[in-house]
Amino acid sequence: MQKYIYLFIFKLIPFILTNNNDLNKCKNIGDKFIQNLIQYECYNELNNNLIIKEEGGGGDVSFENGINLFNNNYLIGRPIGCVPSNKTDGTVIRPGIVHITQHFRYECVNELPNGISLKITHCIDNEGKLVKVGEYFTQKFPEDSEKKFSSVECVGNEFLAKKVVHEWSSCELPKGGKLVEGDFIWQDISKNSLRSLLQKKEIVACLREENNVKLKFTGCVATTGQEVVISRYANVAGQWTQCRRFKEGCRLINVTSNYIDCEFEGRTYKHGTTFESSSKRSFYICSHGQIIKQGCFIQGQELTLVGDVKYIDGIKPVLCVENDNFTLFNNLGKKIFFEIF
């Protein structure tokens, strides 16, 4: 069982951003602004080096970079870097450069000519190691940290990533050693404890109950190697048995046939036997003393499973129900009537 410690989600806008007048916030050449996690720099759309020819053949006049003869309609922002925080004072990542925070690894990527995007490539675990998006791994806590284990799971994709840290505790075994939360082992039964000759071990698990993690007996192991969980039945070497929990542990108890046989309509059926009801409408199976309905014979001998619908003559829908009946739906206008046969 897992205990979720914390979860971090970071969402990026999956755009490949290029020069875009819709994002234009430029007033002067060289101004910079941030939008949608991308940093833009303002430049002259018609080229900073502009040559104007005077009328009358007076010659060419050349203007140096940075001299703007145009209004703001000619200035646009071109993407020059990525900003994971999307803040003006945030760290700027140039294309091709990697940036690592406490929880994620980012990369600013050149996608198209003059286009860039910010992507998440990894989550960062508690020791600063990388966990690729879509993967996870488990690490052991130091010995002095309450005997706990943890794993980091990096879920999502390059634009929407989620880092989930799971924590496991452990239980001290009676004969030494530790059992990680959620695991189980076969344990020897004390020689002084009463047990069936058909049982060789018991199953003990380290489980969480609310905020407590402790050892709990959960099943029996037969001499044949069969694992039988609490309250279930098993046929061991021709003898029917049931695993029960006692104060000292789990014990495999021999039971007589009345524990696993079924009585229905005055007749007794063995475990695993299938049979029909006297009405010939229902089909049952005897399973460890329980009578379980499998289906209905609605029209002819074709079996319709419980919960399924069969159409009589291809017109009238009939539902197979749990009891020894089936239900016919008569659709009259907007009302639905139920008839039990």
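Structure: see above.
Here the structure is a predicted model, which is why all the values come from computation and not from measurement.

Looking now at the overall build of the protein. Summing up its helical and strand segments, the protein has 0 helices and 32 strands in all. Evaluated residue by residue, the protein yields a buried proportion of 36% over its 341 residues. Partitioning the intrachain contacts of the protein with sequence separation of at least 6 by distance along the chain shows that 39% fall at a separation of at least 24. A total of about 20700 Å² of accessible surface is found on the protein, and carbon and sulfur atoms cover 50% of it.

Taking strand neighbours across the sheet as the criterion, the 4 strands line up as 25-26-27-28 in an open arrangement whose pairing is antiparallel. Of all the strands in the sheet, the pair left with one neighbour each is strand 25 (274-276) and strand 28 (303-305). Put simply, the sheet's adjacent strands are angled 40° from each other on average, direction ignored. As paired strands, strand 25 and strand 26 (residues 282-287) are joined by 3 bridges and run antiparallel to one another. Opposite Thr-274, over in strand 26, you have Ile-285 as the bridge partner.

All right, on to the sheet that holds strand 22 (residues 249-254) then. As summarised here, the arrangement of the 3 strands in space is 20-21-22, forming an open sheet in which the pairing is antiparallel. Either end of the sheet is taken by a strand with one partner, and the two such strands are strand 20 (233-236) and strand 22. Recorded for the sheet is a direction-independent mean angle of 35° between the axes of neighbouring strands. Here strand 21 (residues 239-246) pairs with strand 22 via 6 bridges, running antiparallel. Note that in strand 22 the partner of Thr-241 across the bridge is Asn-254.

With that settled, the discussion passes to the state of the cysteines. Linking two cysteines covalently via their sulfur atoms produces the bond known as a disulfide. Tallying each qualifying case throughout the model produces 7 disulfides. The disulfide partner of Cys-26 is Cys-42, and the gap between their sulfur atoms is 2.0 Å. The sign of the -90° torsion about the S-S bond sets the Cys-26-Cys-42 disulfide as left-handed. Here Cys-42 lies in strand 3 (residues 38-44) and Cys-26 lies in the loop between strand 1 (3-11) and strand 2 (32-35), a separation of 16 residues in the sequence. Judged by relative accessible area, Cys-26 falls into the buried class, the value being 7%. Taking the relative accessible area as the measure of exposure, Cys-42 reaches 2% and is therefore buried. For Cys-296, the disulfide goes to Cys-320, at an S-S distance of 2.0 Å. Negative torsions about the S-S bond denote left-handed disulfides, and the value of about 80° found for Cys-296 with Cys-320 makes this one right-handed. Taken together, the positions of Cys-296 in strand 27 (residues 290-297) and Cys-320 in strand 30 (residues 316-320) put the pair 24 residues apart, joining distant regions of the chain. Taking relative accessible area as the criterion, Cys-296 reaches 0% and is therefore assigned buried.

On to the pairing of strand 9 (residues 115-124), then. Most of strand 9 is tucked away: 10 of the 10 residues are buried. Two strands pair when backbone bridges link them, and strand 8 (residues 104-112) and strand 9 are joined in this way by 8 bridges, in the antiparallel orientation. If you follow Val-109 over to strand 9, its bridge partner there is Ser-117. Between strand 9 and the antiparallel strand that follows it, strand 10 (residues 130-132), lie 5 residues; Gly-128 among them carries a positive phi value of about 85°.

Right, let's talk about unusual backbone geometry for a bit. The phi dihedral of Leu-37 falls on the positive side, at around 70°, and the residue is not glycine. Residue position: Leu-37 is located in the loop between strand 2 and strand 3. Residue classification places Leu-37 among the buried residues on the basis of a relative accessible area of 8%. Located in the positive-phi region is Asn-86, a residue other than glycine, with phi close to 60°. Here Asn-86 lies in the loop between strand 6 (75-82) and strand 7 (98-100).

Definitions and limits used
- Residues numbered from 1 in each chain as written.
- Predicted model: local features only at pLDDT ≥ 70, side-chain atom pairs only at ≥ 80, totals over all residues.
- Heavy atoms only, no water.
- Helix = DSSP H or I, 4+ residues; strand = E, 2+ residues; numbered from the N terminus.
- Buried < 20%, exposed > 50% of the residue type's maximum accessible area, 1.4 Å probe, protein only.
- Contact = heavy atoms within 4.5 Å.
- Areas by Shrake-Rupley, 256 points an atom, 1.4 Å probe, with all protein chains shown as cover.
- Pairing = 2+ DSSP bridges.
- Axes fitted to C-alpha atoms, helices over the stretch in contact; angles between N-to-C directions.
- Disulfide = S-S within 2.5 Å.

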